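Close look at the chain arrangement
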Amino acid sequence: MAQKIQELDNDVVVYQVTDEQQLKDNIYCERSYCSPDSRYFLFQRKTADDDQLKWKYLAEYEVCEFGSWESHVVGRGCASPEVLNGENIYYTFPTENGGRGLARVRFDGNGRHVFEIDGDVKPITGMTISPDENFLAYGVAVNFDPQMFGVEVVDLDSGNKEIIFQDPCINNPHPQFESVEGNEILIQHNRGCEFSPEGKCIKNIGEEGCTLFTVNASDGSKTPLLVGPPHTTSCTGHQQWIGKTGEVLLSIRWTEEEAELGNLLAARPGKPARRVSSGSRFTHVHASVCGRFFCCDNTKTSEIFVGSITTGKYSLVCSFGPVPEDAYSLYGQSSHAHPYLSPDLKWVVFNSCRTGRPEIHVAEVPPELIEELDSE
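Here we summarise the structure given alongside this text. Since the structure is predicted, the reported quantities are computational estimates derived from the model, not experimental observations.

Quick word on the sheet that holds strand E7 (residues 82–83)
If you trace the four strands from one edge of the open sheet to the other, you get E7-E8-E9-E10, paired in antiparallel fashion. If you trace the sheet from one side to the other, it starts and ends with E7 and strand E10 (113–114), each paired once. The pairing of strand E8 (residues 88–94) with strand E9 (residues 100–106) spans seven bridges and is classified as antiparallel. The residue bridging Thr92 from the neighbouring strand is Leu102, located in E9.

Quick look at the structure:
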């Protein structure tokens, strides 16, 4: 049962939305899992014990209404669905033959559609939908001896799929279609990662560090982003397209030498990155649907911030702590806050382990706080 738990000095009001034993989270990745009118948001709840990783499990997808906190289940399948900035939710589900299918449902729970796909859809991390909703893309494990991963694109009309790009170090690609033309797919590059011939991860990333690039969905051509060594410190692996600007918001590893410069960057493919805010020390990043604001957490201080991508100003929203020391080993990605803004900028949705286990929380943000960030 949802309950108000905090009224802060900055006029932010914090609600705890869930309170039950099952593992649940607000869905890993940087995008806004909300309906376009900001009436609803989506979260997932584990429904079955299995041998998969703690952030890859069988789940039910629950749509919750901001303010009333009334909710309803709209689908069941494999964790980490994708929500485009529209009414549709895409998710994979286990099939009777042991494979995985793809379905689409609206936020109201109606209009469920199962796609006819040539073979299984098995993303190794999250998946992404093109702006016109004609294509699905995700990362796949091609082979482990020798080690190779790929970017697979599915034509949702014909059901045909094709691996358009391969690289041995895109084991955690976090693919994201850009939302202007829908031609480029943002990919995370964990240089130096290492896997055994049996597919066991030996090293998630090497000394070369993490960087980013885009892959053209039509011809598979690659365009680097000038982030990560030698251009900057290693990317943290948290990034998102900034609205329809063609820029990518990302955080990089923070060092004492860069303390005053800030670790929140914006970069265009093939162009030098720029600093978004000075003095920032953020981990997970989110860019608002409008492309004007960011929402980030600081995992060292257990705090959530919102800020302006234009002015670089940012302000504390609330704390998401404390976090138990063994939270990650117990709960996986669900122990991370992963905060994001609703499209109308009124709500921040995040995970919190303040009760000892992950629960969905929402902070109501006063409009004055957002307006102040945009003023010079």
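A short note on the pairing of strand E27 (residues 303–308)
Judged by how many residues are buried, E27 sits mostly within the fold: five of six residues are covered. By the bridge criterion, six bridges tie strand E26 (residues 293–298) to E27 in an arrangement that is antiparallel. Looking at E27, one finds that Asp297 is bridged to Ile304. In this antiparallel pair of consecutive strands, E26 and E27, the connection spans four residues, and Ser302 shows a positive phi of 60°. The pairing of E27 with strand E28 (residues 314–319) spans five bridges and is antiparallel. Bridge assignment links Val306 to a residue of E28, and that residue is Ser315. The loop that links E27 with its antiparallel partner E28 comprises five residues; one of these, Gly312, has a positive phi angle of about 85°.

Definitions and limits used
- Residues numbered from 1 in each chain as written.
- Predicted model: local features only at pLDDT ≥ 70, side-chain atom pairs only at ≥ 80, totals over all residues.
- Heavy atoms only, no water.
- Pairing = 2+ DSSP bridges.
- Helix = DSSP H or I, 4+ residues; strand = E, 2+ residues; numbered from the N terminus.
- Buried < 20%, exposed > 50% of the residue type's maximum accessible area, 1.4 Å probe, protein only.

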